[in-house]
Amino acid sequence: MGSLMLSLSKHGWLFSGGLPAARCRVAERGISRFAVEGLMRQYILRRLFQSVFVLLGVSVVVFLLLRLTPGDPARVMLPEGAPEQEIAEVRRLLGLDRPLVEQYAIFLHGAVRGDLGQSIMQRRPALPMVLDRLPATFQLTLVAFVIALAVAIPVGVISAVWRDSVWDHCVSTLALLGQSMPVFWLGIMLIMIFAVQFRLLPTSGYGLTQIVLPAVSLGAYLMALASRLVRSGMLETFGEDYVRTARSKGISETRAIFHHAFRNTLIPLVTVVGLQFGSLLGGAVVTETVFSWPGVGTLAMTAILQRDYPVVQAVVLTVSACFVLINLAVDILYAYIDPRVRYV
Amino acid sequence: MLGALGLCGILLMIAGAPVIVSMNPLAQDVSLARLAPFSLRALETGHPLGTDHLGRDLLSRMLYGGRVSLLVGVAGVVLAGAFGVTVGLTAGYFGGWTEIAAMRLVDVQLAIPTMLLAMGLMATMGPSLPNVIVVMGVTSWIVYARTARAVTLVLKQLQYVEAATCCGADHWRVLFRHILPNAWTPIIVIATQQAAQLILLEASLSFLGIGVPPQIPTWGRMIAEGRNYLTSAWWLSTVPGLALMVTVLALNFFGDGVRDTLDPKLRM
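Every chain begins its residue count from 1, and numbering advances along the sequence as written. Naming scheme: in the order in which they are written, chains are lettered from A and ligands are numbered from 1. Selection of residues for local features in this predicted model requires a pLDDT of at least 70, selection of side-chain atom pairs for listing and counting requires 80 or more, and totals for whole chains, interfaces and linings are taken over all residues.

A.B. asks: Explain the overall build of chain A here, please?
C.D. replies: Strands here are runs of E lasting at least two residues and helices are runs of H or I lasting at least four, both read from the DSSP assignment and numbered beginning at the N terminus. Across its full length, chain A carries 14 helices and 0 strands. Listing each helix as α and each strand as β along chain A from the N terminus yields α-α-α-α-α-α-α-α-α-α-α-α-α-α. With C-beta atoms placed from the backbone, a residue is buried if 20 or more other C-beta atoms are within 10 Å of its own, exposed if 12 or fewer are, and partly exposed between those counts. When the 344 residues of chain A are sorted by exposure, 38% land in the buried category. Throughout, a pair of residues is in contact if the C-beta atoms placed from their backbones lie within 7 Å. Considering only intrachain contacts with a sequence separation of at least 6, the fraction spanning at least 24 residues in chain A is 71%.

Set out below in structure tokens:
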């Protein structure tokens, strides 16, 4: 990460202001603005194409997940001593009596049409069960994301500005602790302190006050990581010629920090933070279990304990698809921030 | 240095568990249930860190549970590293369809959140220690594959590789005798950092009840069991959680130290 930031700043790429500034620069070189916009369109189409392939690959992995069950998946899903007729019925429902390739073709055909099979336990389509729970998971993940960045960015900036101060050392220590702490244990500690001991917040449930503790415990790792990234990024850009030039021109320290140094820290921050969104989605599964938050995580856990594998498949496929789309959005945003990416 | 010292201390304590504690981590005595750490009764009965809801000694469960966590972390790293490095070396050296197939497989796995993939695999494979290690390996091999491929792409252009080929070395000899020894540095850095992540992942799976079987004490399971006693026995979740955090912190420090020593350019 340090070397990436070093190369970005040394090549003199200031925060370009995105497409408009890129247009000005290429206009100077006699390249039409249509070519620039065409590059962006090509980049978006290329990424879309890659995303479709990745989604196909994910569908193969999810399809094979059920087939990894040792023995007969239908027999494993039902309680011990289940009659053969019921086992045969489940096998027929899941299409396990057909050749593997045909099973995948049926699965893919169904997935494209929004049919990800039926819950063995509840006898209803699996995808609507997942979609009902998805908003709650996204709410939790988004709030955790916002809290993490809202704390990490100012803390990282202040740590960089007050380098080697008591504040800086405290923040660095807390950041290391934050990256070492298990999400579920932090959640339990927060429950013990804020809900049980001081009765300030509820222990579980779904609502505006109920989201605070799970969001803080879920966002703690990202908070720690992002604060370290911002701090190291700012320290690197502080030493750059353009920041020294800006200061020597007499601008205020605040403007030098935020308008020049911080904006160039955004580029690697967006990359890393975007990648961490997948970890947040995965971490949300555990956090939801701790706080009984009614998201896809609790649905997946219930399905796993009940051996309701079609629902498990539906959860993994849906969440992965969301993750692919979010990554696509982050890549497009990144290309908008840093035009050089479009040439890759 | 701090990380290495901490890690050595933890390893010594865990390895010396049979010497440090005489209590069986599975032995139950309900009459001694939920004794607070360092309380008079706990010290009198030989349970310095107290007991859990079934009267089992917390110190011995913590030390024996640490063995499982470290075993899973190390074994997972070895498995993931062996597979990932082989795939990465092969993809980087041969290129073409081998590289395309390997890297597309990496892209596909990157699209599935690690925790969800681990949960899905454990759900289908069933809870057992070998299965947990396999799942650790399966979920983390991609980092090694990408790194090994990137390093191989650079190293295969070098003259000593060309010289080895001219001398008649076959592809596998060039890969494992000439390229791999020079590709170790970033892989070792990643391995030390991954060990901490795998310990956290195993603890998460055990916390959810889909990791190692219930009869094997692990830190994650201990934290889960203590959830129901937060008001009456706060130490049941706190103590194993602290042990887990300190171990992961020591590994993170150690990993940072290894990175700073072997490859300072990666320093953050």
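A.B. asks: Help me understand the overall build of chain B, please; the structure alone is not making it clear to me.
C.D. replies: Scanning chain B from N- to C-terminus turns up 11 helices and 0 strands. Dimensions of chain B, computed from the C-alpha atoms along their principal axes, are close to 75 × 40 × 30 Å. Taking all 268 residues of chain B together, the buried fraction comes to 49%. Expressed as a percentage of contacts within chain B between residues at least 6 apart in sequence, the contacts between residues at least 24 apart total 70%.

A.B. asks: I'm lost on unusual backbone geometry in this one. Help?
C.D. replies: Most peptide bonds take the trans configuration, and most residues that are not glycine carry a negative phi. Of note in this structure, serine 292 of chain A is not a glycine but carries a positive phi near 50°. As for its position among the elements, serine 292 of chain A is in the loop between helix H12 (253–291) and helix H13 (296–305). Given 13 C-beta atoms within 10 Å, serine 292 of chain A falls into the partly exposed group. Positive phi values are uncommon outside glycine, yet phenylalanine 38 of chain B reaches one of about 60°. Among the structural elements, phenylalanine 38 of chain B can be located in the loop between helix H2 (17–20) and helix H3 (40–44). With 12 C-beta atoms packed within 10 Å, phenylalanine 38 of chain B lands in the exposed category.

A.B. asks: Looking at this model, I keep getting lost on helix H7 (residues 129–155) of chain B. Mind explaining?
C.D. replies: Because each turn of an α-helix spans 3.6 residues, side chains separated by three or four positions in sequence point in the same direction. Under the 1.5 Å per step criterion, the end-to-end length of H7 of chain B is 38 Å for 27 residues, consistent within 8% with the ideal 39 Å. Of all the bends in H7 of chain B, the largest measures some 40° and sits at serine 140 of chain B. Under the convention used throughout, the expected extent of a helix is 1.5 Å for every residue step, that is, one less than its residue count. Fitting axes to the seven residues that end at a residue and to the seven that start at it, the angle between those axes gives the bend at that residue.

A.B. asks: Quick question: what am I supposed to make of helix H5 (residues 96–110) of chain B here?
C.D. replies: With 15 residues, H5 of chain B ought to run about 21 Å at 1.5 Å a step, and its terminal C-alpha atoms sit 21 Å apart, in line with that. Those residues of H5 of chain B not exposed but buried are Ala102, Val106, Val108, Gln109 and Leu110 of chain B.

A.B. asks: Explain the environment of glycine 92 of chain B here, please?
C.D. replies: Residue and element names in this part refer to chain B. Tracing the backbone shows glycine 92 in helix H4 (residues 58–94). C-beta crowding within 10 Å serves as the criterion here: with 27 such atoms nearby, glycine 92 is assigned to the buried category. Counting along the chain gives 24 residues from glycine 92 to leucine 116, while the straight-line C-alpha distance between them is 29 Å. Aside from chain neighbours lying at most four places away, what touches glycine 92 is Glu99, Ala148, Arg149, Thr152, Leu153 and Lys156.

A.B. asks: What is the right way to look at the nonpolar core in this model?
C.D. replies: When a protein is soluble and globular, its nonpolar side chains tend to lie buried together. Within the largest apolar cluster, 154 residues are counted, with the highest numbers of intra-cluster contacts made by Ala226, Ala300, Val312, Val315 and Val316 of chain A together with Ala118 and Met119 of chain B. Looking at this core, the element that brings in the most residues is helix H9 (residues 171–208) of chain B, giving 17 residues. Discounting residues that sit within four places of it in the chain, alanine 118 of chain B has contacts with Val135, Thr139, Leu201 and Leu205 of chain B. Note on terminology: a nonpolar core is a set of buried residues of type Ala, Val, Leu, Ile, Met, Phe, Trp, Tyr or Cys, with members joined through C-beta atoms within 7 Å.

A.B. asks: Looking at this structure, I do not really get the environment of arginine 56 of chain B. What am I missing?
C.D. replies: All names here are of chain B. With respect to the helices, strands and loops of the structure, arginine 56 is situated in the loop between H3 and H4. Measuring from C-alpha to C-alpha, the distance between arginine 56 and valine 30 comes to 8.2 Å, with 26 residues separating the pair along the chain. Not counting residues within four places of it along the chain, the set of residues in contact with arginine 56 comprises Pro25, Leu26, Ala27, Gln28, Thr51 and Arg61.

A.B. asks: Is there a simple way to think about the interface of chain A and chain B in this case?
C.D. replies: For interface size, the figure often reported is the accessible area lost on association. Each partner contributes residues to the interface: chain A has 45 residues there, and chain B has 37 residues. Of all elements in the fold, only helix H1 (2–10), helix H3 (33–67), helix H8 (166–180), helix H9 (183–197), helix H10 (212–238), H12, H13 and helix H14 (309–337) of chain A reach the threshold of two or more residues within the side of chain A that touches chain B. Three classes are used, and their members are as follows: Ala, Val, Leu, Ile, Met, Phe, Trp, Tyr, Cys and Pro are nonpolar, Asp, Glu, Lys and Arg are charged, and the others, Gly among them, are polar. Along the lines of polarity and charge, the residues of the side of chain A that touches chain B split into 31 nonpolar, 13 polar and 1 charged.

Purely spatial values, then, with no claim about function.
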